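Structure at a glance
Each chain, letter by letter, is given below.
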Amino acid sequence: MKTHHGPNLPVIFLLLALFTLLPLNPAAGADASTLTYLWPLPADFDSGEQTLSVDPDLALVGDGNGGKSAIVKDAFDRYKGIIFKRGGSGSRRSLALERFAGGRKAKRSASYDIAGLKIVVHSESEELALGVDESYKLFIGKSDGQSIIWEATIEANTIYGALRGLETFSQLCIFDYGTKSVQIHKAPWFIQDKPRFDYRGMMIDTSRHYLPVAVIKQIIESMSYAKFNVLHWHIIDEQSFPLEVPSYPKLWKGSYSNWERYTVEDAYEIVNYGSGLYKEIQQVFLLPNLVFPYDAGINVMAEVDVPGHAESWGVGYPDLWPSSSCREPLDVTKNFTFDLISGMLSDMRKIFPFGLFHLGGDEVNTDCWSSTPHIKKWLAERNLTTKGAYEYFVLKAQEIAISKGWTPVNWEETFNAFPSGLNPKTIVHNWLGGGVCPAAVAKGFRCIFSNQGFWYLDHLDVPWEDVYTADPVEGIFDASKQKLVIGGEVCMWGETADTSDVLQTIWPRAAAAAERLWSKKEDISGNITLTALPRLHYFRCLLNRRGVAAAPVNNKYARQPPIGPGSCYLQ
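Residues numbered from 1 in each chain as written. Predicted model: local features only at pLDDT ≥ 70, side-chain atom pairs only at ≥ 80, totals over all residues. Heavy atoms only, no water.

By the naming in an unreviewed UniProt entry, the protein is Beta-hexosaminidase, taken from Linum tenue. In its Catalytic activity (unreviewed entry) section, the UniProt record describing the protein reads: "Hydrolysis of terminal non-reducing N-acetyl-D-hexosamine residues in N-acetyl-beta-D-hexosaminides." (UniProt positions renumbered as here; feature names shortened; annotations may be inferred.)

1. Observations concerning the overall build of the protein
Helix and strand counts for the protein come out as 21 helices and 16 strands. When contacts within the protein are restricted to residue pairs at least 6 apart in sequence, those whose partners lie at least 24 apart make up 73%. By element, 53% of the accessible surface of the protein is carried by carbon and sulfur atoms, the whole surface being about 22,800 Å². (Helix = DSSP H or I, 4+ residues; strand = E, 2+ residues; numbered from the N terminus. Contact = heavy atoms within 4.5 Å. Areas by Shrake-Rupley, 256 points an atom, 1.4 Å probe, with all protein chains shown as cover.)

2. A word on the nonpolar core
Judged by nonpolar contacts, the single largest core of 151 residues is most densely connected at Ile219, Trp313 and Trp507. When residues no more than four places from it in sequence are discounted, the contact partners of Trp313 are Ile236, Phe241, Leu251, Val304, Asp305, Val306, Leu320, Leu330, Leu340, Ile341 and Met344. Grouped together as the second largest cluster of nonpolar side chains are nine residues, Tyr199, Phe354, Val409 and Ile448 included. (Core = buried A, V, L, I, M, F, W, Y, C linked by side-chain atoms within 4.5 Å. Buried < 20%, exposed > 50% of the residue type's maximum accessible area, 1.4 Å probe, protein only.)

3. Points about the sheet that holds strand S4 (residues 136-140)
Here we have eight strands laid out as an open sheet, ordered S1-S8-S4-S5-S3-S2-S7-S6, and mixed in their pairing. A single partner strand is all that each edge strand has here, and the edge strands are strand S1 (44-46) and strand S6 (173-176). Across the sheet, the mean angle from the axis of one strand to that of its neighbour is 30°, orientation sign disregarded. Sheet analysis places S1 next to strand S8 (residues 189-193), joined by three bridges and oriented antiparallel. Its bridge partner lying in S8, Phe45 is registered against Ile191. (Pairing = 2+ DSSP bridges. Axes fitted to C-alpha atoms, helices over the stretch in contact; angles between N-to-C directions.)

4. Comments concerning helix H9 (residues 335-349)
Here H9 is 15 residues long and its end C-alpha atoms lie 21 Å apart, about the 21 Å a rise of 1.5 Å per residue gives. Listed in full, the buried residues belonging to H9 are Thr337, Phe338, Leu340, Ile341, Gly343, Met344, Leu345, Asp347 and Met348. Summarising the contacts, the buried residues of H9 are in contact with strand S11 (299-303), helix H8 (313-316), strand S12 (356-358) and helix H12 (386-403). (Expected span 1.5 Å × (residues − 1).)

What follows is the structure, encoded as structure tokens:
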């Protein structure tokens, strides 16, 4: 057996004789052959030199307090469908072979090296909170008939670690066109894996362009392939208000049309599709027995951006505007403004169980406050500047969110403007540039990294290399302060992205950030053209095979089609 503890060591085992079957660039072939084609790269792993066959009727054996969880069973069935997409299950494959043989009973080999997958989950808890243990161990080897270890075993402390292990297992299972069977190369495998950061997010924007529920589900599903774990849903902005709020039913009059809206049930479905919490929600609301058959281990964090970016709110409730001709920020003087925010957050708390809630707070132009007579009077009576009113509004919104049991997340402008005023629970969300997370953690705040120069996916001219090398803790040298950076997030702003192009704008560049957030820093440094680019090409093609419209890696501008004929693995 060859041993590996990181890609910079010599003799890194070849994942996949598989890759010798792929159309690689000859100039990169020697280096590519020594790489491990898993994305994101696991923390520690060993491999050997065997090729093992996998039974199309692969069986699941659940063990431990959580191994028989319905979430584990559903995930196993889902991944089994992905692994055996070609040829189908054993019974379907046998039927196809029988038909091809003219009705004669086709022989099916009863001998497979991997006949079952044992999943051991130690905890029975299904809570998906920030910081949940996502570590796992994966062993794959040919049974010698004497070992007590199964041919394939995933062991995890939580079901969410098991889900991450299933994704890795699925990437090791390769369809062989010669034998028309699924094989695992370079076995035996022993993988011990865990994420570098707890928060690995992706933001979508459904105000600038409405995204149908089915498209959001596709995004969630694709996120699980790269081990993201938070969908930041920027639902509302100045352009449109698509969400149903039962306590204030006129709010969604601010949607683009009656057909570009999310009902309460739609929002439940999206949350459950990511995190599988529908049973819990169902008990609270006495909802019908609807079935949303997916759980990707992905939390959904909602955003309500206040006090700016809120013109659409006033379509249904004009009293929220400073005046009919000056429509944002929201009117800071009225109790109604904060009563509505409180009522809306109460409704949303029933939908979004995740512990973080994003309150925005960015790009607040206070000119309307300084030019509207009744607001000018209110400011003068309180001896407040417009900057002071901005702080007052943000802090009051934070108090409301905290009273609902949420931890507030705010864009960095709030920290830049009044760091000493922010609630100490605040998570600062960096986006404008560098240096913000170092400054925030120095004052004891937690931070999320989304520097727009690297991780804004709507910036189509940012190459994958820049996405890949950006690091959330850059400029922070104290280990205790580094821990306050809970992770990072790629942002898919929607001004120029809708159903027609959103997936190819997200992928494959988002995968570069995903590996940065999951894998050990020292393992993904060095010459990334040799160590990362071939693997990113491979992962992009894996996404394509799974039905995800990931664009070519090499294009100068993201989401462009291929510039000409060629292999997926070279584009």
